[in-house]
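# Observations on the three-dimensional arrangement
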Amino acid sequence: MDKNKYLQLFKNGISIFTESYQQKKVLELDEKISKLKKDGKNEEEIMKQIGSVDDLIRKVYEENHVNYDIKSKGRFHQQFEKLIEMIHYIIDIMSKNTMKDNLKIMIDLLILILFICLIKIPFIVVRDFGNSLLDFIPIPIVINIWHLIIDFIYIIIAILVFVSVFKRWVQNLKK
């Protein structure tokens, strides 16, 4: 993890405090990192010596007598943060790439979206098959519930497939 990312995670972790206090704490940490860097250590050694971001955030909360459990973030929240982090990574790569490389990235994303759309076809077939089986029931709400169930299952599977493929794709991106 590089210095800027480390500092940004630290700042995000103390976001409940005022902006001036956040800046003060980030500057203190930045100075500490710079001092260790002048001693000849590389960024990875420095980050290991300073400790994890969560520990630093916890210390700030303890200094201010705030009872806040950092580990209270749910699995969904952590996954969402990872997704946002991947998007920032892609933007960072695209800012350093040529137009041709960026066009390839955009085409890859469009192909992924098209693939997610193609996954809908089997769900449409199953939905229509269920409609033909449920046609003998004169209550339209049963068919509507059937449509809702199939669409809900599609949304879950589409999100899981998209995130899985997107993670692998991001890992293979080259600067």
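Attention here is on the structure that accompanies the text. (Residues numbered from 1 in each chain as written. Predicted model: local features only at pLDDT ≥ 70, side-chain atom pairs only at ≥ 80, totals over all residues. Heavy atoms only, no water.)

Summarising the element assignment, Lys 25 is placed in helix H2 (residues 19-38). Overall, Lys 25 belongs to the buried group, its relative accessible area being 12%. One polar contact links Lys 25 to Glu 63, side chain to side chain, over a distance of 2.9 Å. Excluding anything up to four places from it in sequence, Lys 25 contacts Phe 10, Ile 14, Val 60 and Glu 63. (Helix = DSSP H or I, 4+ residues; strand = E, 2+ residues; numbered from the N terminus. Buried < 20%, exposed > 50% of the residue type's maximum accessible area, 1.4 Å probe, protein only. Polar contact = N/O pair within 3.5 Å; in protein donor to acceptor, adjacent residues only side chain to side chain. Contact = heavy atoms within 4.5 Å.)

A few words now on the pattern of salt bridges. Applying the stated criterion across every chain yields a total of 8 salt bridges. The closest approach of N and O atoms between Glu 19 and Lys 11, which form a salt bridge, is 3.0 Å. Each of Lys 25, Glu 28 and Glu 63 takes part in a single network of salt bridges with overlapping partners. (Salt bridge = Lys/Arg side-chain N within 4 Å of Asp/Glu carboxyl O.)

In this section: unusual backbone geometry. Phi is mostly negative for residues that are not glycine, and the peptide bonds are mostly trans. Here His 65, not a glycine, exhibits a phi torsion of approximately 55°, which is positive. In this structure, His 65 sits in the loop between helix H4 (53-63) and helix H5 (75-96).

Our next topic: the packing of aromatic side chains. Under the definition given, this model contains 5 aromatic pairs. Relative to Tyr 154, the ring of Phe 123 has its centre 5.4 Å away and its plane inclined at 65°; by these criteria the two rings are edge-to-face. Taken as a pair, Phe 123 in helix H7 (residues 120-134) and Tyr 154 in helix H8 (residues 140-172) lie far apart in primary sequence, 31 residues in all. For Phe 123, a relative accessible area of 14% puts it in the buried group. An angle of 10° between the planes, with centres 5.4 Å apart, marks the rings of Phe 162 and Phe 166 as stacked. With Phe 162 and Phe 166 both in helix H8, this residue pair falls 4 residues apart, about one helical turn. According to the relative accessible area criterion, Phe 162 is partly exposed, its value standing at 26%. (Phe/Tyr/Trp six-rings, centres within 6.5 Å; stacked < 30°, edge-to-face > 60°.)

Put simply, H7 and H8 touch, their axes get as near as 10 Å, and they point 165° apart. Accordingly, the angle class assigned to the pair H7 and H8 is roughly antiparallel. Relative to H8, the crossing made by H7 is right-handed. Two secondary-structure elements touch here, H7 through Lys 120, Phe 123, Val 126, Arg 127, Gly 130, Asn 131 and Leu 134 and H8 through Val 142, Ile 143, Trp 146, His 147, Ile 150, Asp 151, Ile 153, Tyr 154 and Ile 157. Along the lines of polarity and charge, the residues of the contact of H7 with H8 split into 10 nonpolar, 3 polar and 3 charged. (Axes fitted to C-alpha atoms, helices over the stretch in contact; angles between N-to-C directions. Parallel < 35°, antiparallel > 145°, perpendicular 65-115°, else oblique. Left-handed = near helix turned anticlockwise from the far one by under 90°. Nonpolar A, V, L, I, M, F, W, Y, C, P; charged D, E, K, R; others polar.)

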